[in-house]
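# Results of the structural survey
Okay, here's what each chain looks like letter by letter:
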Amino acid sequence: MSAAAFVRRAFGPEGWNRTPCGGPEVWTIPLDDPRVLALGRAALPPEEEAAGRRFVSSTLADRYVAAHGALRLLLGRWLGCGPREICFFRNACGKPFVEGGPHFSLSHAEGLAAVAIVPDHEVGVDIERVKPFPGMADIVEQFFSPHERSWIAEGIPPEGRFFRCWVLREAFVKALGEGLSFSLDRFCVRMPLDCGGGVSIFLKDGGVPDVGLTEWRPAEGFAGALAVRGRPFTVYEQELL
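Summary of the structure given here.

What counts and how
- Residues numbered from 1 in each chain as written.
- Predicted model: local features only at pLDDT ≥ 70, side-chain atom pairs only at ≥ 80, totals over all residues.
- Heavy atoms only, no water.
- Helix = DSSP H or I, 4+ residues; strand = E, 2+ residues; numbered from the N terminus.
- Buried < 20%, exposed > 50% of the residue type's maximum accessible area, 1.4 Å probe, protein only.
- Contact = heavy atoms within 4.5 Å.
- Core = buried A, V, L, I, M, F, W, Y, C linked by side-chain atoms within 4.5 Å.
- Pairing = 2+ DSSP bridges.
- Axes fitted to C-alpha atoms, helices over the stretch in contact; angles between N-to-C directions.
- Salt bridge = Lys/Arg side-chain N within 4 Å of Asp/Glu carboxyl O.
- Nonpolar A, V, L, I, M, F, W, Y, C, P; charged D, E, K, R; others polar.
- 1 Å grid on protein atoms, 1.4 Å probe; cavity = no way out; pocket = protein on both sides within 12 Å on 5 of 7 lines; lining within 4 Å.
- Points joined across faces, edges and corners; volume = space filled by probe spheres on them.

## Quick look at the side chain of R169
Counting through the fold element by element, R169 comes out in helix α6 (residues 158-176). The buried category is assigned to R169, whose relative accessible area is 0%. If sequence neighbours within four positions are ignored, R169 has contacts with F143, F144, S145, E148, L184, F187, C188 and V189.

Dropping the structure here:
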């Protein structure tokens with residue numbers, strides 16, 4: 001099977017509504033841009049905008065609205081309908097989907113979000129801001145394999161490698177669509193020496209899942225990963241608006 005090629009695009013007030021390329025897309029969305037917030041607010045149905053108001057912080061509420069509104073706008077391009085007309089459903093493990101596709105995944109960290117859209121295969125995307133945090137050592141010890149623990153410990157600083165490994169794990173689980181029912185200690189990531197190549201997943205029962213996986217850099221200071229179930233792929237660093 002030939003590799004699919006993700007086209008990378010940046011969401012903004014102009015250009016987001018261009019005709020879908022027909023193949024995989026991955027979008028970065030600046031959540032703190034007031035123009036993106038205005039677009040998001042206009043795209044959300046009242047009940048979903050109300051869900052955003054549950055956050056204590058107005059910053060977090062606005063970021064929720066911007067991210068989920070942008071997701072609706074991007075999916076509306078594929079479905080040929082208005083963003084408020086889209087109906088989301090959830091599978092047995094809670095992963096959202098739209099009837100008839102396309103498959104999609106949303107991730108956000110601080111002021112940045114990422115949306116991946118694939119017409120015919122399950123997809124997972126994850127991004128994280130790379131920064132120190134006190135619980136890192138406990139997470140590594142509880143869920144990561146000896147290979148991963150050793151690879152992370154050799155990083156300077158170690159949080160850079162931790163988040164590279166973490167987003168790959170999260171993207172993989174999202175592509176499976178099984179949610180928390182697929183435990184993080186059931187698999188390990190074999191990491192490359194340098195960002196961008198040689199990533200692979202192994203199940204601890206000896207299996208090799210049919211999931212393509214790669215790193216990508218959504219923005220300076222962030223780690224990112226994409227996973228597609230049942231198909232290899234690459235990411236083109238182009239189509240930046």
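## Description of the nonpolar core
Judged by nonpolar contacts, the single largest core of 29 residues is most densely connected at F162, F172, F187 and L213. Put simply, the parts of the chain that give this core at least two residues each are α4 (136-143), α5 (146-153), α6, β8 (187-190), β9 (200-203), β10 (211-216) and β11 (222-229). Residue contributions to this core peak at eleven residues, all from α6. Setting aside chain neighbours within four positions, we find F172 in contact with F182, F187, I201, L203, P209, V211, L213 and A227. Judged by nonpolar contacts, the second largest core, of 25 residues, contains W27, L74, I86 and F104.

## Considerations on the sheet that holds β10
As summarised here, the arrangement of the three strands in space is β7-β11-β10, forming an open sheet in which the pairing is antiparallel. On the outer flanks of this sheet lie β7 (123-129) and β10, each paired with one strand and no other. The mean angle between the axes of side-by-side strands here comes to 15 degrees, regardless of whether they run parallel or antiparallel. Contacting β7, β10 and β11, α6 runs over the sheet at an angle of about 155 degrees to β7.

## So, unusual backbone geometry
The omega torsion across G101 and P102 is 5 degrees, close enough to zero to call that bond cis. Among the structural elements, P102 can be located in the loop between β4 (96-97) and β5 (103-109). Residues other than glycine seldom take positive phi values, yet E110 does so here, at roughly 50 degrees. Structurally, E110 can be placed in the loop between β5 and β6 (112-118). A residue is classified by how much of its surface remains accessible, and E110, at 33% relative accessible area, is partly exposed.

## Structural notes on the pattern of salt bridges
Going through the model one piece at a time under the given rule, you end up with 14 salt bridges. One salt bridge in this structure joins E148 and R169, with 3.0 Å as the shortest N-O distance. Highlighted residues: E148 in helix α5 and R169 in helix α6, separated in sequence by 21 residues. R169 matches E148 in its accessibility class, with the two residues each being buried.

## Brief notes about the packing of α5 against α6
One can describe the packing of α5 onto α6 by two numbers: an axis separation of 7 Å at closest approach and a directional angle of 145 degrees. Counted together, E148, W151 and I152 of α5 and P158, R161, F162, R164, C165 and R169 of α6 form the full contact between these two elements. Split by residue class, the contact of α5 with α6 holds five nonpolar, no polar and four charged.

## What about the layout of surface pockets?
Taken as a whole, the largest pocket holds about 670 Å³ of empty space. Lining the largest pocket are 25 residues, with R90, G94, K95, P96 and K174 sitting closest to its centre. Where the lining of the largest pocket is concerned, the elements lending two or more residues are α3 (58-79), β3 (89-90), β5 and α6. Here the residues of the lining of the largest pocket are counted per class, giving eleven nonpolar, eight polar and six charged.

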